[in-house]
Amino acid sequence: MSTYEEEHNIQDRANPRADDTTARGRQHATLSNIIDTFLTTSGSDTPSNAYAMEALTSALHHLSDADGSRLAQTLMESLQDSGDIDGKRSKGVSQEYLDTLERVKVSSISEDDAFCPICTNKFKDDKYPLVVRLPCGHGVNHIYDLECVGPWLQMNSTCPLCRTNVLEAEQNRRKKIEEEIRRAKEEDSEEEEEDWDVYG
Amino acid sequence: MAALPKRIIKETERLVSDPVPGITAIPSEDNLRYFEVTIDGPNHSPYADGVFNLELYLPDDYPMCAPKVRFLTKIYHPNIDKLGRICLDVLKDNWSPALQIRTILLSIQALLGAPNPDDPLANDVADDWKKDEKRAIEIAKEWTLKYATKKD
């Protein structure tokens, strides 16, 4: 007679199958699979790299706490050193950010001899200009060739002219817009509460 | 060697045709990224009577990173060490690609006029400077007479 477990295609709790341990083991992070994750994701600028880095650092930390091994300590220090390099890299902006920078039509630039502060070439001398404005704030017009400011911003997210952190500036700008939208919505809903009921 | 970027050519031309008062920068004949620089000590500073020699090198990724600048003339200054290395923010973390050779050299000239012993590179000099500023300024003057070229 077949057992209850066999009929229902489940395992007997008292007799776990051999591969159960490995299945369970896989759920726990081991140093070797943390290192694997780190190696496969390192080099890319993705958040998962930062996560893998963190996981590896904490794993090594545990290891050195557990056996006081000097190797773990050394590994950790060298990792932190490379982390500084990574940190510097992550000070920059992403390609997506560059893609969303405000484009400026050269014909809209009032000064005839306006030039890019980085390459010092006049915008109007460029046959195929691609000019962007950084979100430094109101009233300032910090414009560059995308080709010039792009590589800089990828290393360092500050405006070369005023050192405004363009990532923060962009975040603040978005916050403001969201705030305005929220306020507008509130006012709307106060005025047209019944309408919302109908269309909502 | 890769072709010289247009910006470097333009900067060099302007340094020669429209030099900054009290500063010269002449590119070397065999390497146009290497400049021989002189800076006049600013008036009303312990370096006022001297002309100082420096070397300036534009790394391959200039202007994405700062020029490398070093004093060749021995100088007694809290932000310049024995090897002539200079502690100046715009040469390090505060570099910006909108800065140029001429603005950097002006900053170095300004540093001579305004030593900053609280952010030292030469610790012994900075200590002297903080302990006895009068004496330190005397030494700076002596060194200027001894090592720097005299102003015309």
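The model shown is predicted, which means the values in this text are computed figures rather than measured ones.

> What is the right way to look at the overall build of chain A in this model?
Regarding its fold elements, chain A presents nine helices and three strands. Along its sequence from the N terminus, chain A presents helices and strands in the succession α-α-α-α-α-α-β-β-β-α-α-α. A buried classification covers 27% of the 200 residues belonging to chain A. Taking all contacts inside chain A whose residues are at least 6 apart in sequence as the whole, residues at least 24 apart take part in 46%.

> It is not clear to me how the overall build of chain B should be interpreted in this structure. Could you clarify?
For chain B, the helix and strand inventory stands at four helices and five strands. Written out in order from the N terminus, the α and β elements of chain B read α-β-β-β-β-α-α-α-β. Expressed as a percentage of the 152 residues in chain B, the buried residues total 48%. Taking as baseline every contact in chain B between residues at least 6 positions apart, the subset at least 24 positions apart corresponds to 58%. For chain B, the accessible area works out to roughly 8300 Å², and carbon and sulfur atoms hold 52% of it.

> When you look at the nonpolar core in this model, what are you seeing that I'm missing?
Across soluble globular proteins, nonpolar side chains have a tendency to be buried as a group. Counting 66 residues, the largest nonpolar core has Leu 134 and Leu 153 of chain A together with Leu 54, Phe 71, Ile 86, Leu 105 and Ile 108 of chain B as its most contacted members. Take this core: its biggest share by element is six residues, from helix H2 (residues 101-113) of chain B. If we ignore the near neighbours within four places in the chain, the residues touching Ile 86 of chain B are Leu 54, Val 69, Arg 70, Phe 71, Asn 79, Ile 80, Leu 91, Lys 92, Ile 108, Leu 111 and Leu 121 of chain B.

> For this particular structure, what's the right way to read the UniProt feature "active site" (unreviewed entry) in chain B?
All names here are of chain B. In the numbering used here, UniProt assigns the "active site" (unreviewed entry) feature to Cys 87. With respect to the helices and strands, Cys 87 occurs in the loop between strand S4 (68-71) and H2. Those residues in contact with Cys 87, other than ones at most four positions away along the chain, are Asn 79, Lys 92, Leu 111, Asp 119 and Leu 121.

> What should I look at first to understand the interface of chain B and chain A in this one?
By a frequent convention, interface size equals the accessible area lost on bringing the separate parts together. Between chain B and chain A, the contact holds twelve residues from the first and twelve residues from the second. Taken together, chain B and chain A are joined by zero salt bridges. At the boundary of chain B with chain A, the tally comes to five residue pairs in polar contact (both at pLDDT 80 or more). Looking at the side of chain B that touches chain A residue by residue, the classes come out as six nonpolar, three polar and three charged.

Cut-offs used in this document
- Residues numbered from 1 in each chain as written.
- Chains lettered and ligands numbered in written order.
- Predicted model: local features only at pLDDT ≥ 70, side-chain atom pairs only at ≥ 80, totals over all residues.
- Heavy atoms only, no water.
- Helix = DSSP H or I, 4+ residues; strand = E, 2+ residues; numbered from the N terminus.
- Buried < 20%, exposed > 50% of the residue type's maximum accessible area, 1.4 Å probe, protein only.
- Contact = heavy atoms within 4.5 Å.
- Areas by Shrake-Rupley, 256 points an atom, 1.4 Å probe, with all protein chains shown as cover.
- Core = buried A, V, L, I, M, F, W, Y, C linked by side-chain atoms within 4.5 Å.
- UniProt positions renumbered as here; feature names shortened; annotations may be inferred.
- Salt bridge = Lys/Arg side-chain N within 4 Å of Asp/Glu carboxyl O.
- Polar contact = N/O pair within 3.5 Å; in protein donor to acceptor, adjacent residues only side chain to side chain.
- Nonpolar A, V, L, I, M, F, W, Y, C, P; charged D, E, K, R; others polar.

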